[in-house]
Amino acid sequence: VINPGHFMTLLHQGLIYARMQDYAKSNASYEEAVKVKPDFLDAWYNLGNNALKQLRFKDAVEIYDKLLNLREAPEFLHNKGRAYLELGRLREAKECFDRSVELDSTYAYGYASLGNLANRDGEYEKSAKYYSQATRFAPNSDVYWFKLGVAFFRADSKKSAEAGCRKAIGINPNHTGAM
């Protein structure tokens, strides 16, 4: 018997609506879930993710703050950093990404985002260092290998650039940027 008011039922309902890109209904389901269970991390996390998808970045920051008050986790910090990045608040974004890899030294998304920031600032050697960490912890990511290759290329390390791009193509032969 399915209980329509159970927090897990509401979560799954929200996930289905999010998959259909009906964010109003998805958000309503998640909001109902946190009314039933205020410390329900999954519902808060999905509310934040929906806000990111809807380009409601200030709302996303607020939601991730609520989530982080319940528990500090790398993925919560990372997504809050993504929202800050979209708001042009680069210092706060970097702080979130730094903290995400402090909490989990194997968190590839955090390293990749730090690489993106360094690349954006023209710090290509630093960018390559971060992308190298990302590929270490997500070795099957053609995107990270490609970004590592580009960072090496921009840092004038052509041999390493070629190796990164070759690795990206080896993972995904259709990776058009790496060809």
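Numbers given to residues run from 1 along each chain, matching the order in which its sequence is written. Whole-chain, interface and lining totals are the exception, using all residues; otherwise, since this is a predicted model, local features are given only for residues with pLDDT of at least 70 and side-chain atom pairs are given and counted only at 80 or more. Neither water nor hydrogens contribute to the side-chain values; these are computed over all heavy atoms in the structure.

At their nearest, the axes of helix H3 (residues 41-53) and helix H4 (residues 57-70) sit 8 Å apart, and the two run at 160 degrees to each other. Between H3 and H4, the angle falls in the class roughly antiparallel. Here H3 and H4 pass one another in a crossing that is left-handed. Contacts from Leu 41, Trp 44, Tyr 45, Leu 47, Gly 48, Asn 49, Ala 51 and Leu 52 of H3 reach H4 at Phe 57, Asp 59, Ala 60, Ile 63, Tyr 64, Lys 66, Leu 67 and Leu 70. Looking at the contact of H3 with H4, its residues break down into 12 nonpolar, two polar and two charged. Axes here mean lines fitted to C-alpha atoms, for a helix over just the part in contact, with angles spanning 0 to 180 degrees between N-to-C directions. Each helix is a run of H or I in the DSSP string that is no shorter than four residues. Each strand is a run of E no shorter than two, and both are numbered from the N terminus. Here the word oblique covers every angle except those under 35 degrees (roughly parallel), over 145 (roughly antiparallel) and from 65 to 115 (roughly perpendicular). Rotating anticlockwise by less than a right angle from the far helix to the near helix defines a left-handed crossing, while the corresponding clockwise rotation defines a right-handed one. Here, residues are in contact when the closest pair of their heavy atoms is within 4.5 Å. When residues are grouped by polarity, Ala, Val, Leu, Ile, Met, Phe, Trp, Tyr, Cys and Pro land in nonpolar, Asp, Glu, Lys and Arg in charged, and all others, Gly among them, in polar.

The description of two aromatic rings rests on the distance between their centres and on the angle between their planes. Think of it this way: a Phe, Tyr or Trp ring, Trp meaning its six-membered ring, pairs with another when their centres are within 6.5 Å, and the plane angle makes it stacked under 30 degrees, edge-to-face over 60, tilted otherwise. What the rule picks out here adds up to four aromatic pairs. Relative to Phe 40, the ring of Phe 7 has its centre 4.8 Å away and its plane inclined at 75 degrees; by these criteria the two rings are edge-to-face. With Phe 7 in helix H1 (residues 7-19) and Phe 40 in the loop between helix H2 (23-36) and H3, the pair connects residues that are 33 residues apart, well separated along the chain. It is Lys 37 that lies over the ring of Phe 7; its NZ or CZ is 5.3 Å from the centre. In our convention, an over-ring charge means Lys NZ or Arg CZ found within 6 Å of a ring centre and within 35 degrees of that ring's normal. Directly above the ring of Phe 153 sits Lys 158, whose terminal nitrogen or CZ lies 4.1 Å from the centroid.

Below, the discussion takes up helix H6 (residues 90-103). Each α-helix winds once per 3.6 residues, and so residues spaced three or four apart point in a common direction. Expected span of a helix, by definition, is 1.5 Å for each gap between consecutive residues, and there is one gap fewer than residues. Its 14 residues place the ends of H6 20 Å apart at the C-alpha level, agreeing with the 20 Å of an ideal helix rising 1.5 Å per residue. Using a 1.4 Å probe on the protein chains alone, a residue whose accessible area is under 20% of its type maximum counts as buried, one over 50% counts as exposed, and one in between counts as partly exposed. Buried within H6 we find Glu 92, Ala 93, Cys 96, Phe 97, Ser 100 and Val 101. Those residues of H6 that are buried lie in contact with helix H5 (74-86) and helix H7 (108-120).

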